[in-house]
Amino acid sequence: MTRKTGEGIKVGDNIRIVVLEVKGSQVRLGIEAPHDLSIHRDEVWEKIMEENKKATTVTPDQMEILVRKFSSPGGQPQKKNESGNGGMKK
């Protein structure tokens, strides 16, 4: 598909991409789309996905801290009592 300056293409019912300017090997595009639709350049999108993946990855050290923190009140490891049942009542 080829387009000249000022021409555009439609994507679905509510997205329009328009060629604004061509300078040498660079093309400026205009995008008309709903405000709730995120639009990013490829390299920006890849960086966002990379950062999201990092944010959801838990290291073994972090997991150990979380287990300790949520396994007992006050974040202290639970001690076994004399009966050997981990301090749980029967």
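Before reading further, recall that the structure is shown in the block above.
Residues numbered from 1 in each chain as written. Predicted model: local features only at pLDDT ≥ 70, side-chain atom pairs only at ≥ 80, totals over all residues. Heavy atoms only, no water.

Help me understand the overall build of the protein chain in this model?
The helix and strand tally for the protein chain stands at two helices and three strands. Secondary structure elements of the protein chain occur, N-terminal to C-terminal, as β-β-β-α-α. Every one of the 90 residues in the protein chain was classed for burial, and the buried ones make up 6%. Long-range contacts, defined as pairs at least 24 residues apart, comprise 0% of the intrachain contacts of the protein chain with a sequence gap of at least 6. (Helix = DSSP H or I, 4+ residues; strand = E, 2+ residues; numbered from the N terminus. Buried < 20%, exposed > 50% of the residue type's maximum accessible area, 1.4 Å probe, protein only. Contact = heavy atoms within 4.5 Å.)

Please explain the pairing of strand β2 (residues 15–23) as it appears in this structure.
Summarising the sheet, strand β1 (residues 8–11) and β2 pair through four bridges and their orientation is antiparallel. Looking across to β2, one finds that G8 is bridged to V18. Where β1 folds back onto β2 in an antiparallel hairpin, the turn is made up of three residues, including G12, whose phi is positive at roughly 65°. In this structure, β2 lies alongside strand β3 (residues 26–32), joined through seven bridges in antiparallel fashion. By the bridge assignment, I17 is partnered in β3 with I31. The antiparallel pairing of β2 with β3 creates a hairpin that spans two residues between the two strands, and G24 there sits at a positive phi of about 60°. (Pairing = 2+ DSSP bridges.)

What exactly am I supposed to notice about the pattern of salt bridges here?
It is possible for side chains of opposite charge to pair when their charged atoms get near one another. This model, assessed by the stated rule, comprises eight salt bridges. The shortest N-O distance in the salt bridge between K54 and E51 comes to 3.6 Å. Taken together, the residues K54 and E51, both in helix α1 (residues 42–55) and three residues apart, mark about one turn of the helix. The residue E64 makes a salt bridge to R68 at a minimum N-O spacing of 2.6 Å. Placement of both E64 and R68 in helix α2 (residues 60–71) is noted, with a separation of four residues, approximately one turn of the helix. The exposure class assigned to E64 is partly exposed, which follows from its relative accessible area of 43%. (Salt bridge = Lys/Arg side-chain N within 4 Å of Asp/Glu carboxyl O.)

Function cannot be read off these values alone, since they describe shape.
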